[in-house]
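Examining the three-dimensional arrangement
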Amino acid sequence: MPSFTYTALNPTGQTVTGSLAVGSKAEVFRKLEAQALTPVKVTEDAKAAKTGAAAAAHAESLKPMRLSRSQLILFTEELADLLDGGLQIDQALRVMQERQEAVALRHVSGILREQIREGSSVSKALKKASPSFDELYCNLVAAGEVSGSLAEILRRLSQSLAVMADLQAKVTQAMIYPAFLVSACVVLMIVFMTVMVPQITDLLSKSGQKLPFATQMLISFNSFLAQWWWVILTILIIVSLSFKAYVATPKGLMWWHEAKLKIPLFGPVMATRFYAQFAHSMGSLVGNGVPLLNSIRLVSKISANVFIQSLLGKVTGMVAEGGSLSNSLKKVSHFPLMLIDMIAVGEQTGTLGKSLEKCAGRYDKELDKRIKRMTALISPIIIVFMAVIVGVVAYSIISAVFQSVNGIRSRV
């Protein structure tokens, strides 16, 4: 607690000096007034202020900081390189703390170094340094500490993180072009309905001609939207909020996450992405000495899909009762036969980690094929859909214009 020295006047006008250890200068004034003293000067003790500032700065330096995915990969790769080069963990972290240009990486390296120098293990220090080091990451590091292969574990971790980042980037990139096409279609229809159709309607109404059926339907649809747009918007909002409320319930969330895996084109991509993550993570854990049951429990957290988490929860229970991983996956279904067969081969030969790594490589290639196939199919589908809508609108307008022109010519 900071200390303050004061100079004050008592009721008789005499000068009184002293010191108080309180939380703030305002509290000093309150205490002096309570003692019938008039404050003249109040100053904070320089040594106490310096100590308080140092303590605050130290506390700030130990505050965990979140890392981006690219920073996490860079941190893991560099630490693995330094440990491979023969440095001890404390020396490696000191090098990273001194030479890293990224503030976040310097900060995290400093926290890790201080925690380790105080006697903490690397895995426990990681949890205190940044929330970006998830449980799977920390447990792999713990396995590396026990087995004496921390550098190798970190190398595999960096490769696994890079693969997962690449998979996510591929999925994101595959959705950019379709999203652009859909947005363009929506903008185009808004322009047609709000600008072109009203102008054409005014032009045709002056000619006195009977409009074609397609044109009448287009004008009626446009009038309906102009008159009842608020009703449509209200219904959409109610449906959206109802869906959101239902999905917020455990039953609704389970249904939605299972339904997402069955969506044409997108569902297989999401499922294949999980299988690749599952194989990569299980291969790293089992290959580095983590018990199978603990590995399954950790891997069940890599997916945000609660349906998949529930399936892996059932698998965990079966393995805990003595069942093999391949048979457990087969019993819960929803897992592909190729994955189950590769795991079964690994269990029989005692090379489960290597079998999972090979399986992960296959699913990486399969995911790449599915993403390319999805991109190749989505674009033509959206283009055809846009062409149909634009074609119907254009036909309605052009047929009305031609009929009006022919009517004018017949009059002449």
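Please read these numbers as outputs of a predicted model, since none were measured by experiment.

The next subject is the overall build of the chain. Helix and strand counts for the chain stand at 16 helices and three strands. Sorting the 412 residues of the chain into buried and exposed places 37% on the buried side. Residue pairs at least 24 apart in sequence account for 59% of intrachain contacts in the chain once pairs closer than 6 positions are excluded. Of the roughly 23,400 Å² of accessible surface on the chain, a fraction of 62% belongs to carbon and sulfur atoms.

This brings us to the packing of aromatic side chains. The final tally for this structure, using the stated rule, is 12 aromatic pairs. Aromatic pair Phe243 and Trp256: ring centres 5.2 Å apart, planes at 90°, arrangement edge-to-face. Separated by 13 residues along the polypeptide, Phe243 in helix α9 (residues 213-247) and Trp256 in helix α10 (residues 250-260) bring together distant segments of the chain. When its relative accessible area of 37% is taken as the criterion, Phe243 is described as partly exposed. Where Phe278 meets Phe335, the ring centres are 6.3 Å apart and the plane angle is 50°; that geometry is what we call tilted. Here the residue Phe278 occupies a position in helix α11 (residues 266-287), and Phe335 occupies one in the loop between α14 (325-332) and α15 (337-349), the gap between them amounting to 57 residues.

When pLDDT is averaged along the chain, the result is 79; 88% of the residues meet or exceed 70. Per-element averaging of pLDDT across the chain places helix α2 (residues 46-61) at the bottom with 48 and α10 at the top with 90.

For the rest of this paragraph, the subject is the nonpolar core. Phe75, Leu79, Phe133, Tyr137, Leu154 and Phe335 are the most contacted members of the largest nonpolar core, which totals 67 residues. Looking at which element gives the most residues to this core, the answer is α11, with eight residues. Here Leu79 is in contact with Ile89, Ala92, Leu93, Met96 and Leu154, once residues within four sequence places are set aside.

This part takes up a nonpolar patch on the surface. Taken together, Phe224, Trp228, Trp229, Trp230, Leu233, Ile237 and Leu241 make up a surface patch of nonpolar side chains, about 760 Å² in accessible area. Turning to its location among the elements, Trp229 is positioned in helix α9.

In this sheet, strand β2 (residues 15-21) lies alongside strand β1 (residues 3-9) in antiparallel orientation, the contact comprising seven bridges. Bridge assignment links Ser3 to a residue of β2, and that residue is Ala21.

A separate point is the sheet that holds β2. The strand order across the open sheet formed by three strands is β2-β1-β3, and the pairing between neighbours is antiparallel. The open sheet has two edge strands, β2 and β3 (38-44), and neither has a second partner. Looking at each pair of strands side by side, their axes are set apart by 20° on average, direction ignored.

A few words now on α9. When the terminal C-alpha atoms of α9 are compared, their 43 Å separation across 35 residues is substantially less than the 51 Å that a helix rising 1.5 Å per residue should span. Where α9 bends most, the angle comes to about 75°, and this point is Trp228. Those residues of α9 not exposed but buried are Thr215, Leu218, Ile219, Asn222 and Val247.

Quick look at the packing of α11 against helix α12 (residues 292-299) now. Remark: α11 packs on α12, axes separated minimally by 10 Å, with the N-to-C direction vectors making an angle of 145°. As α11 packs across α12, the resulting crossing turns out to be right-handed. In this structure, α11 contributes Phe278, Ser281, Met282, Leu285 and Val286 to the contact, and α12 contributes Leu292, Ser295, Ile296, Leu298 and Val299. Counted by class, the contact of α11 with α12 contains eight nonpolar, two polar and no charged residues.

How each quantity is defined
Residues numbered from 1 in each chain as written. Predicted model: local features only at pLDDT ≥ 70, side-chain atom pairs only at ≥ 80, totals over all residues. Heavy atoms only, no water. Helix = DSSP H or I, 4+ residues; strand = E, 2+ residues; numbered from the N terminus. Buried < 20%, exposed > 50% of the residue type's maximum accessible area, 1.4 Å probe, protein only. Contact = heavy atoms within 4.5 Å. Areas by Shrake-Rupley, 256 points an atom, 1.4 Å probe, with all protein chains shown as cover. Phe/Tyr/Trp six-rings, centres within 6.5 Å; stacked < 30°, edge-to-face > 60°. pLDDT = per-residue confidence, 0-100. Core = buried A, V, L, I, M, F, W, Y, C linked by side-chain atoms within 4.5 Å. Patch = residues over 30% accessible without salt bridge, like charges linked within 9 Å, V, L, I, M, F, W, Y side chains within 5 Å. Salt bridge = Lys/Arg side-chain N within 4 Å of Asp/Glu carboxyl O. Pairing = 2+ DSSP bridges. Axes fitted to C-alpha atoms, helices over the stretch in contact; angles between N-to-C directions. Expected span 1.5 Å × (residues − 1). Bend = angle between axes of the 7 residues up to and from the residue. Left-handed = near helix turned anticlockwise from the far one by under 90°. Nonpolar A, V, L, I, M, F, W, Y, C, P; charged D, E, K, R; others polar.

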